[in-house]
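Descriptive structure summary
Listed here are the chains, written in short residue letters.
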Amino acid sequence: MRIVPSLLRVTLALSLILAAACATSREQLRADRGQQQAQFPAGGSQHSESRTSGPQRAKSTAVAHPQERALAEGITWAEPLPVHIDSLPGGRLRLSFPPQVSSLDQERLSVEEIRPLLAAFMSFRPRATPRLRLMLETPGGTGSSQGTAAPWELRLREEFVSQYGPALLPMPESLETSRLYLALKLSTRYMDDGIREAAQELFSAPAFLASVSLSVLVYFAAWLAPEPLFSKAFAAALTVRLSLLVGLVELGQLARACLRLYQEAEAATTPQQLEAASERFGKALGGTSLRVLVVVASLGVPQVLPKVPEGGLWTLLSPMRHAPASGLALESIATAHVVADGSLIIAGVAAGTSAASVCGELATCSMMDDAGGASNGGPKLSTRYGKPHTRQNPPHNEAIEAELAKREAAGHTDLRKNQPQQNANKVDVYDRKPIKGVSFRKPDVSSVRPDGIRHNTNYVSNPRDMQRELDAFEAMGRADPSAIHELYLLDGTLVRRYVPPGVGFPSMGR
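These remarks concern the structure in this document.

Observations regarding the side chain of His485
Relative to the helices and strands, His485 resides in strand S9 (residues 484-489). Note on His485: relative accessible area 1%, which makes it buried. A distance of 3.4 Å separates a polar side-chain atom of His485 from the backbone oxygen of Met476. For His485, the side chain forms a polar contact with the main-chain oxygen of Asp480, separated by 2.9 Å. Discounting chain neighbours no more than four positions away, the residues touching His485 are Gln421, Asn456, Phe473, Met476, Gly477, Asp480, Arg496, Arg497 and Tyr498.

Re the sheet that holds strand S6 (residues 413-417)
The 5 strands lie next to each other as S6-S7-S8-S9-S10, forming an open sheet whose pairing is mixed. Looking at which strands have only one partner, the edges of the open sheet turn out to be S6 and strand S10 (494-498). The mean inter-strand angle of the sheet, taken between neighbouring strand axes irrespective of direction, is 10°. This element, helix H15 (residues 394-409), spans S6, strand S7 (445-448), strand S8 (454-460) and S9 of the sheet and lies at about 180° to S6. Each of S8, S9 and S10 is contacted by helix H16 (residues 466-479), which is oriented at about 170° to S9, the strand it contacts most.

Digging into the side chain of Thr177
Within the secondary structure, Thr177 sits in the loop between helix H4 (151-164) and helix H5 (179-187). What makes Thr177 buried here is its relative accessible area of 3%. Separated by 3.4 Å, the side chain of Thr177 and the backbone oxygen of Ser174 make a polar contact.

Notes on the pattern of salt bridges
What the rule picks out here adds up to 19 salt bridges. Residue Glu112 pairs with Arg115 through a salt bridge whose shortest N-O separation is 3.9 Å. Residue Glu112 and its partner Arg115 are located together in helix H3 (residues 111-124), separated by 3 residues, close to a single helical turn. By relative accessible area, Glu112 is classed as exposed at 51%. Judged by its relative accessible area of 48%, Arg115 falls in the partly exposed class. For Asp431, the salt bridge is made with Arg478, and the minimal N-O distance between the two is 2.9 Å. On the criterion of sequence distance, the pair formed by Asp431 in the loop between S6 and S7 and Arg478 in helix H16 is long-range, its members being 47 residues apart. We classify Arg478 as buried; its relative accessible area is 8%. Bridged by salt links that share partners, the residues Arg260, Glu264 and Arg280 form one connected network.

As for H16
In a regular helix each residue adds 1.5 Å, so 14 residues correspond to 20 Å; H16 covers 20 Å between its end C-alpha atoms and thus fits that length. Across the 14 residues of H16, 12 count as buried, placing the element largely inside the fold. Within the sequence span of H16, burial applies to Met466, Glu469, Leu470, Asp471, Ala472, Phe473, Glu474, Ala475, Met476, Gly477, Arg478 and Ala479. Contacts made by the buried residues of H16 are with S8, S9 and S10.

Let's talk about the environment of Leu259
Relative to the helices and strands, Leu259 is located in helix H9 (residues 248-267). Residue Leu259 is classed as buried on the basis of its relative accessible area, which comes to 4%. Once the C-alpha coordinates of Leu259 and Leu169 are considered, the two residues, 90 residues apart in sequence, prove to be 9.8 Å apart. Beyond its immediate chain neighbours, meaning those up to four positions away, Leu259 contacts Leu169, Val216, Phe220, Ala221, Trp223 and Leu224.

Focus on the environment of Val246
For Val246, the position within the fold is in helix H8 (residues 233-246). Sequence-wise, Val246 and Ser289 are 43 residues apart; in three dimensions their C-alpha atoms are separated by 8.8 Å.

Rules used throughout
- Residues numbered from 1 in each chain as written.
- Predicted model: local features only at pLDDT ≥ 70, side-chain atom pairs only at ≥ 80, totals over all residues.
- Heavy atoms only, no water.
- Helix = DSSP H or I, 4+ residues; strand = E, 2+ residues; numbered from the N terminus.
- Buried < 20%, exposed > 50% of the residue type's maximum accessible area, 1.4 Å probe, protein only.
- Polar contact = N/O pair within 3.5 Å; in protein donor to acceptor, adjacent residues only side chain to side chain.
- Contact = heavy atoms within 4.5 Å.
- Pairing = 2+ DSSP bridges.
- Axes fitted to C-alpha atoms, helices over the stretch in contact; angles between N-to-C directions.
- Salt bridge = Lys/Arg side-chain N within 4 Å of Asp/Glu carboxyl O.
- Expected span 1.5 Å × (residues − 1).

These figures capture arrangement, not role.
Here's what the structure looks like:
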């Protein structure tokens, strides 16, 4: 199903179409993107690999990176996606974000786009011969922070602390001589062709590179917590805005990539280890991630860069989403709490501000339950294919509904939503080796393809439930080895797929 902007304006089908826009096109995750072959796991290991060879080997696809999906599918969205907003006790609001895929343009960054910003950073701290003198013999030792910070660097630190709050990771004596600074600089040689030139230009400016280092130590360090809490008003509001523009999951992935680079750089004892850490970071950083990194680093020093207004920075992200207005609702946010279910709880919104007005302020469309479908005034849940999967996790329910709608359009029959597992002949099937006494499963999505093959799909909303979902995936395979089985993260990332030997994937129309 191809999504076109006009569909997003069809009011009577709003919740269904918006949910479909959030779902990743499964047919694009194919063998031409590096699909691996693996026999369906017979045991309980979540790290199963191919155990046989020859014609009896079944197909299994490894995790597909969201940035690769965006480039492969060429999706460009000009309209903002909906955000589910619930009112909570104490004047708090819960924001639930739909799965998001970067636009094709978003995954590239040209030198022309960053020249005004680069000029501002270069004027603050002109290009100079690097004075990188690292001693890597002792991980985390004094060798990682040789030298004394220059006055310009001290000013950057003061600006960052005033904006984001105190550093949550140890601050080196001098950023310019730190392992993190050098690792960031080395990483540009491993970045994608679409962003490498712009990144090398930006990372050649010492002031910019120092600002990125501060971003890791001060802002992204907050993501070390299992459920990050941003208590500084500026950091809280920025987290909300970035989440709306690039997605909460995507923002968290960037933060974890930054933290991994810091940890590996600090642990490095040889130049080769530092280079390897830089390579992993460079390859993990896509165009969208680099754009976010630029925004976070630049907004931390607004007094230092008066020539680059905030609006100019937000245009770096606007190709994928309209930047939300910086009005009352955003500026009054006191805290932003990322919870394990993938939602964001904000507090401190101006008194009397309703969820609907916040939706308008954030330039998004809220799917509120005006018809009374949810007892707590939460988002309206789609029920075309069955009762809500759960009212506590609207994105999960909407992902199921969207996938079933696509399958129906592709000619699938026997569409089932969260019902006991059946085979292609509509006969109940059971696990031959029950786990903890559970002999049958309920796939989130189940249907029969036009060629008569049963196709089951489950979604993982909470990473903490991954092992349980992997167990269910294997149990479904044992119960019906003639069916296709898939497991996805809620953002559309493929975790595991099993295709029976001799069965084509995808089928025609899918």
